[in-house]
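Fold and contact review
Each chain is listed here by its residues.
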Amino acid sequence: MTSAFRPDFEALQVSNLHAYYGESHILHGIEFEVRRGELITLLGRNGAGKTTTLRAILGLTGRRSGSVNLNGQEVIDWPTHRIAHLGVGYCPEERGIFASLSVEENLVLPPQVRSGGMSVEELYAMFPNLAERRKSQGTRLSGGEQQMLAMARILRTGANLLLLDEITEGLAPVIVQKLGDVLGALKTRGYTVILVEQNFRFAAPLADRHYVIEHGKVVECISREQLPSRMDALHQRLGV
Amino acid sequence: MDFLNIPLPAILAQLVVGLINGSFYALLSLGLAIIFGLLNIINFAHGAQYMLGAFVAWFGVQYLGVNYWAALILVPLTVGAFGMLLERTLLSRLYREDHLYGLLLTFGLALIIEGVFVQLYGVSGKPYATPESLRGALNLGFMFLPKYRAWVIVASLVVCLGSWLIIERTKLGAYLRAGTENSQLLQAFGVNVPLMITLTYGFGVALAAFAGVLAAPIFQVSPKMGSDLIIVVFAVVVIGGMGSILGSIVTGLGLGLVEGLTKVIWPQASGTVIFVIMAIVLLIRPAGLFGKEK
Ligand SMILES: Nc1ncnc2c1ncn2[C@@H]1O[C@H](COP(=O)(O)OP(=O)(O)OP(=O)(O)O)[C@@H](O)[C@H]1O
Ligand SMILES: [Mg+2]
């Protein structure tokens, strides 16, 4: 694979992605790409298909078709656990903290998928609340702490493509600020990030590009440079 | 000292007998709980797999010269491997379907396995000799406890508590707990969940087979031994609540004791007391004593 040596090679390229839950056809040909080190957002109203897009990339929906190309590998037919080992970290919308595991067990649960992950000590330094509560039951944490745990546990695995689903949802402004700082730090470290976000003010300063999803399709792609002139149209699309 | 005019030694003796029965309930309901937790399947073949354990041990002595101690290791491995084969070829096709299909399939498998053994060996029991070193009895003061029965209690306690410790304290156990809660997310983290499911089913079946080997010298080896016992075990599981590991162990032992006590206090009720408790628990706490309310 000669293309793998191109520095700007897409970390992820999704084309003509269709996905179903049972008989319901949810995604209708999603197209977007993220290059290594970029942060992009998926925007859209409730029920547009943002979560489904992330889940379809990981093979967590029902039937799907089209192409999901990860670091030059076509993974549309791969089982979910193999996809993770290409360096993908997933932070689900409902956070997915395990109640039967302690904070620390949650933190070290996901297997290493690449070298170069952060150590538990580094993560505790980054999220001091987690260090204090390491022995607590995972779901005894506050909403904000659970969100930090959900982020921290995928940073330990060495994953360098992060799929983050509405990480600011329902959190206090200070915690949103904290997560913004974390994402900024991750960007400078070269992580590739796909951010599903309702909080556009949070996402805008961080993102290289925005994709707007409507009814299971990408209807608009707006780069950071185009953003000021497209702001009104975007607000209309999102209904904010 | 007497209680309800029943001599204390008689009570203690029945409690010990209850503890022996409880050991089997605990081993079997533990396996059922582990399987149900991860696979969401009520393994109706559990009784047949317990019977297979006893029969394979008997084959071992009859045809291969495998002694009891070797059987205690080899039989669970063999029957567990057979369980994994069932999981890969049959059960795995049903995970996307309603739970009812898994129940029907394992129930059907139980009928087939038992039917084949009744055909081949009839319904009468085959004796299995108690190992040399466990013959004789211990004098407990209030009763003579056959050494072999004492060993059954110890062995099943060790295996149950060992399994519980592995599940609660190790990384492997953390995978099992996480997979029980949300197997999709665990797989999204890169854990080979399909493989884990196969191994977990194999482990649950191996526990049943282990109980079968333990039972062989006590109850004789017969095709129906599983179906008789498993009905009580399902009641135990309902009382304890599906999916709680420690709950299944504690409930199994506890109900064995209750059954033993009933035998001295009101012998006629000893066969039904567990079902009466089950009915009461279902009325008051439908999710079971240790189960989580949905
Ligand atoms: N498990 C499921 N089974 C059937 N339909 C589903 C399932 N999950 C989602 N859907 C449907 O798919 C569509 C897209 O849902 P999705 O969760 O992807 O939206 P979203 O853009 O993430 O919305 P939100 O902003 O509310 O999180 C919705 O119409 C939803 O009802
Ligand atoms: Mg969503």
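As a reminder, the structure under discussion sits directly above these lines.
Residues numbered from 1 in each chain as written. Chains lettered and ligands numbered in written order. Predicted model: local features only at pLDDT ≥ 70, side-chain atom pairs only at ≥ 80, totals over all residues. Heavy atoms only, no water.

Structural notes on the packing of helix α3 (residues 68-89) of chain B against helix α7 (residues 193-219) of chain B
All names here are of chain B.
- Interaxial distance between α3 and α7 falls to 7 Å at its minimum, and their mutual angle equals 140°. With respect to each other, α3 and α7 are oriented oblique. When the axes of α3 and α7 are compared, the crossing they make is right-handed.
- For the contact of α3 with α7, the per-class residue count stands at 18 nonpolar, 4 polar and 2 charged. (Axes fitted to C-alpha atoms, helices over the stretch in contact; angles between N-to-C directions. Helix = DSSP H or I, 4+ residues; strand = E, 2+ residues; numbered from the N terminus. Parallel < 35°, antiparallel > 145°, perpendicular 65-115°, else oblique. Left-handed = near helix turned anticlockwise from the far one by under 90°. Nonpolar A, V, L, I, M, F, W, Y, C, P; charged D, E, K, R; others polar.)

Some points on the sheet that holds strand β9 (residues 209-214) of chain A
Residues and elements named next belong to chain A.
- The strand order β6-β7-β8-β3-β9-β10 describes an open sheet built from 6 strands, whose pairing is mixed. Bordering the open sheet on either side are β6 (88-91) and β10 (217-223), each of which pairs with just one other strand. Between one strand axis and the next, the sheet turns through 15° on average, direction left out of account.
- Sheet analysis places β9 next to β10, joined by 6 bridges and oriented antiparallel. By the bridge assignment, Val212 is partnered in β10 with Glu220. (Pairing = 2+ DSSP bridges.)

A word on the coordination of the magnesium ion (ligand 2)
- Here the magnesium ion (ligand 2) is held by Thr51 of chain A (OG1) and Glu93 of chain A (OE), and the distances to it run 1.9 to 2.4 Å. Taken together, the positions of Thr51 of chain A in helix α1 (residues 50-57) and Glu93 of chain A in the loop between β6 and α3 (103-108) put the pair 42 residues apart, joining distant regions of the chain. (Donors = N, O, S within 2.8 Å, 3.2 Å for Na, K, Ca; no water.)

Details of the interface of chain A and chain B
- With 23 residues of chain A in contact, the opposing surface of chain B contributes 19 residues.
- Roughly 1,800 Å² is buried in total at the junction of chain A and chain B, and carbon and sulfur atoms are behind 60% of that figure.
- Three residues, His81, Phe98 and Leu109 of chain A, lead the burial of chain A against chain B; their summed loss comes to 33% of the area buried on that side.
- Linking chain A with chain B are 1 salt bridge, by the criterion used here.
- Secondary structure elements with two or more residues in the side of chain A that touches chain B: α2 (80-84), α3 and α6 (143-155) of chain A.
- Counting residues per element, the side of chain A that touches chain B draws most heavily on α2 of chain A, which supplies 3 residues.
- The residue inventory of the side of chain A that touches chain B, partitioned by class, reads 15 nonpolar, 5 polar and 3 charged. (Contact = heavy atoms within 4.5 Å. Buried area = accessible area lost by both parts, 1.4 Å probe. Salt bridge = Lys/Arg side-chain N within 4 Å of Asp/Glu carboxyl O.)

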